[in-house]
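As a plain string of letters, each chain reads:
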Amino acid sequence: MKFWQEEIETASREQIAQWQSERLVNTVKRVYEKVPYYRQKMEEAGVTPDDIKSVDDISKLPFTCKQDLRDTYPYGLFACDMDEVVRVHASSGTTGKQIVVGYTKNDLDIWDDICARQLAAVGADKSSKIHVSYGYGLFTGGFGFHGGATKMGAMAIPVSSGNTARQITILQDFGSEVLCCTPSYAMYIAETMEKMGVDTSKLPLKAGIFGAEPWTQEMRLQLEEKLGIKAYDVYGLTEIMGPGVAYECSEQTGMHVNEDHFIIEALDPDTGLPVPDGQPGEIVFSCITKEAFPILRYRTRDIAVLSHEKCSCGRTFVKMSKPMGRTDDMLIIRGVNVFPSQIETVLLNMGYSPNYQILVDRVNNLDTIQVQVEMSDKMFSDTVTEISKAEHAIEEGLKSLLGVAADVKLVAPNTIARSEGKAKRVVDNRKK
Ligand code: ADP
Ligand code: ZN
């Protein structure tokens, strides 16, 4: 199977624009009537639902940001009767107090569909076995793919995250064909299998659907090699739906945004004006089919690039690149903007392990950055001089790519904490 809903996924651009216009107009009317908070924000911006006639009017609407969700915690932005809500989820709270979102039956049905679109795009069908190692709970990851697999009629294996030895037994015994988890957890599973001497080429595993955190192309290649699979990217966030907001196709060159349900904009974070295709911008989403939590113009703080170029897979939805990170993950080191994913690229290109951590501090009013990366077991027996030579080489590599001097420290194997969910790459002591 290649498509889950082929007619929708390959609809003409005119058709997509028509869906978006109708659905946006309706959603704006509904939130204006039902959610006092939105009505007030629209009044402050001097807009009424009558001003929104098509998708082209979207820029008239005010933005919504994380703070708005905190101010209305827990249910203040819900746009349906509370007895229509059949599920809530909450963000993992990576960046502050958790936020709460809700779903009606219809919302869950749509969520299942968009996750099924991702599963179909990686080649899964009714006969497939889907191993879900995203956490089940308030986090959206586990239930999202579970629902997609179930709706497709595939077999869901709801392992949830953690207990890596058990994950591996299940991968070996249950016939898992598609693994869904964070890329850092996939790497941890791969590493553990390597240590246990598991021959991954003997496993029926064919594809991985990895998302929920930034990861690089270099990491993708390593995961594909270590696990003997194709590794696909999936993007999502709690505020909009959960995983499946954008999904990667067989081309592996960016993720198609489910534009029949979400309108995407890429904006200059300072001016709020659109940036052209190919240029990095802050991603802003509007939900146009959701009943319980139809957020409008939500500023994700994720930086990515859009492409409307025709994709050879046949899908017509716009593609977004792998986000390079959030604006709030971006480190400003002595005035230079640095994304952790750029550091990952350098380390992996030079053949180092994806187990690294970035420590930032301020000493005598000067930002300092130290990158700790694990050495291989083999390297661990090298002489001190050899190790410091290697550290120096990485420092040079970072300097030439980032334009900023970082101190590099090679640390003993297995000393950097592994993650069963999202990896914690940065420790910024300047914020203390
Ligand atoms: P939290 O804000 O608590 O981390 P979420 O679990 O909803 O909540 O995380 C959503 C965020 O995760 C996105 O805004 C984005 O920054 C990141 N993310 C999700 N998928 C990807 C991906 N494929 N690549 C890079 N970052 C991603
Ligand atoms: Zn495609």
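To be clear, the structure that these remarks concern was listed above.
All of the points below concern the structure found in this document.

What counts and how
- Residues numbered from 1 in each chain as written.
- Chains lettered and ligands numbered in written order.
- Predicted model: local features only at pLDDT ≥ 70, side-chain atom pairs only at ≥ 80, totals over all residues.
- Heavy atoms only, no water.
- Helix = DSSP H or I, 4+ residues; strand = E, 2+ residues; numbered from the N terminus.
- Rg over C-alpha atoms; globule rule 2.2 N^0.38 Å.
- Buried < 20%, exposed > 50% of the residue type's maximum accessible area, 1.4 Å probe, protein only.
- Contact = heavy atoms within 4.5 Å.
- Areas by Shrake-Rupley, 256 points an atom, 1.4 Å probe, with all protein chains shown as cover.
- Lys, Arg positive; Asp, Glu negative; His and termini not counted.
- Charge placed at Lys NZ, Arg CZ, Asp CG, Glu CD.
- 1 Å grid on protein atoms, 1.4 Å probe; cavity = no way out; pocket = protein on both sides within 12 Å on 5 of 7 lines; lining within 4 Å.
- Points joined across faces, edges and corners; volume = space filled by probe spheres on them.
- Core = buried A, V, L, I, M, F, W, Y, C linked by side-chain atoms within 4.5 Å.
- Donors = N, O, S within 2.8 Å, 3.2 Å for Na, K, Ca; no water.
- Pairing = 2+ DSSP bridges.
- Axes fitted to C-alpha atoms, helices over the stretch in contact; angles between N-to-C directions.
- Salt bridge = Lys/Arg side-chain N within 4 Å of Asp/Glu carboxyl O.

A count of helical and extended segments in the protein gives twelve helices and 21 strands. Expected size for 432 residues packed as a compact globule is a radius of gyration near 22 Å; at 22 Å, the protein falls within 12% of this value. Its C-alpha atoms give the protein principal-axis dimensions of about 75 × 55 × 40 Å. Looking at the protein as a whole, 55% of its 432 residues are labelled buried. For the protein, the share of sequence-separated contacts (at least 6 apart) that also reach a separation of at least 24 residues comes to 67%. Of the roughly 18400 Å² that the protein leaves accessible, carbon and sulfur atoms contribute 51%. Computing the positive centroid from 48 side-chain charges and the negative centroid from 60, the protein places the two 2 Å apart.

Here the structure, examined in full by the defined rule, presents one cavity of 30 Å³ or more. Of the pockets and cavities examined, the largest cavity occupies roughly 50 Å³.

For the rest of this paragraph, the subject is the nonpolar core. In this structure, Phe285 and Met320 are the most contacted members of the largest nonpolar core, which totals 70 residues. The dominant element in this core, judged by the number of residues it contributes, is helix H5 (residues 105–121), at seven residues. Not counting the four nearest positions on each side in its chain, methionine 320 is found in contact with Tyr235, Ala246, Gly254, Met255, Val257, Ile264, Phe285, Ala304, Val305 and Leu306.

Looking at the zinc ion (ligand 2), the protein donor atoms are Cys249 (SG), His256 (NE2), Cys311 (SG) and Cys313 (SG), and they sit 2.1 to 2.3 Å from it. In the primary structure, the donors to the zinc ion (ligand 2) are separated according to the pattern C-x6-H-x54-C-x1-C. With histidine 256 in strand E9 (residues 255–257) and cysteine 313 in the loop between strand E13 (306–307) and strand E14 (319–320), this residue pair connects regions lying 57 residues apart in the sequence. Judged by its relative accessible area of 0%, histidine 256 falls in the buried class.

Inspection of the secondary structure puts glycine 281 in strand E11 (residues 281–287). In sequence terms glycine 281 and arginine 301 are 20 residues apart; their C-alpha atoms lie 9.2 Å from each other. Excluding residues within four positions of it along the chain, glycine 281 makes contact with Ala266, Leu267, Val275, Asp302, Ile303 and Ala304.

Turning our attention to the sheet that holds E11. Across the sheet, which stays open at both edges, the four strands sit in the order E10-E11-E12-E15 with antiparallel pairing between neighbours. Two strands bound the open sheet, and with one partner strand each, they are strand E10 (262–267) and strand E15 (325–326). Two elements, E10 and E11, share six bridges in a ladder whose sense is antiparallel. Of the residues in E11, the one forming a bridge with isoleucine 263 is serine 286.

Now for the sheet that holds E14. Read from one edge of the open sheet, nine strands run E4-E3-E5-E6-E7-E8-E9-E14-E13, paired in mixed fashion. The open sheet has two free edges, formed respectively by strand E4 (155–157) and E13, since each of these has just one partner strand. Here helix H6 (residues 140–152) sits on the sheet and contacts strand E3 (129–132), E4, strand E5 (178–181), strand E6 (207–211), strand E7 (230–237) and strand E8 (242–248); the angle it forms with E8, its principal contact strand, is near 60 degrees. Sheet contacts for helix H8 (residues 183–196): E5 and E6; angle to E5, the most-contacted strand, approximately 125 degrees.

Within the fold, isoleucine 387 resides in helix H12 (residues 384–402). Between the alpha carbons of isoleucine 387 and lysine 409 there is a distance of 9.1 Å; along the sequence they are 22 residues apart.

All chains considered together, the criterion is met by 22 salt bridges. Ionic pairing is found between aspartate 57 and lysine 60, a salt bridge with its closest N-O pair at 3.2 Å. Given the relative accessible area of 14%, aspartate 57 is considered buried. Residue lysine 202 is joined to aspartate 199 by a salt bridge in which the shortest nitrogen-to-oxygen separation is 3.1 Å. On the accessibility criterion, lysine 202 (68% relative accessible area) is exposed. Connected through salt bridges with shared partners, the residues Arg362, Asp367, Asp428 and Arg430 form a single ionic network.

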